[in-house]
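Topology and contacts: notes
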Amino acid sequence: MEVKIGVQHTPRELVLESAQTPAEVEQAVTEAMAKDSVLSLTDEKGRKVIIPIAKVAYVEIADSNPRPFGFTTR
């Protein structure tokens, strides 16, 4: 699944592919907001992204769609 995180005062968003479910990501964001702490997520390769929740502008959770390649017709 794809997670996009907007960070305040930063022109680009953070994008990561996560093996976590949308419910798990939503729970992590909600808990970080309740505790006013950090948002910690792990991507598919095991790398951690840690962001102070006070700097998070938005979190977008979406299913990742495989991109078509080669000669495809729709």
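Calculation rules
- Residues numbered from 1 in each chain as written.
- Predicted model: local features only at pLDDT ≥ 70, side-chain atom pairs only at ≥ 80, totals over all residues.
- Heavy atoms only, no water.
- Pairing = 2+ DSSP bridges.
- Helix = DSSP H or I, 4+ residues; strand = E, 2+ residues; numbered from the N terminus.
- Axes fitted to C-alpha atoms, helices over the stretch in contact; angles between N-to-C directions.

By the naming in an unreviewed UniProt entry, the protein chain goes by DUF3107 domain-containing protein and is assigned to Paractinoplanes hotanensis.

Moving on: the pairing of strand 4 (residues 48–52). Inspection of the sheet shows strand 3 (residues 38–42) paired to strand 4 by five bridges, in the antiparallel sense. Residue Val38 lies in a different strand from strand 4, and its bridge partner there is Pro52. Connecting strand 3 to the antiparallel partner strand 4 that follows it, the hairpin turn spans five residues, and Gly46 within it adopts a positive phi of roughly 90 degrees.

What the three strands build is an open sheet, ordered 2-1-5; its pairing is antiparallel. Each edge of the open sheet is held by one strand with a lone partner, namely strand 2 (14–17) and strand 5 (56–62). Averaged over all pairs of adjacent strands, the angle between strand axes in this sheet comes to 15 degrees, irrespective of strand direction. One ladder, built from four bridges, connects strand 1 (residues 2–7) with strand 2; its direction is antiparallel. Bridged to Glu2 within strand 2 is Glu17.

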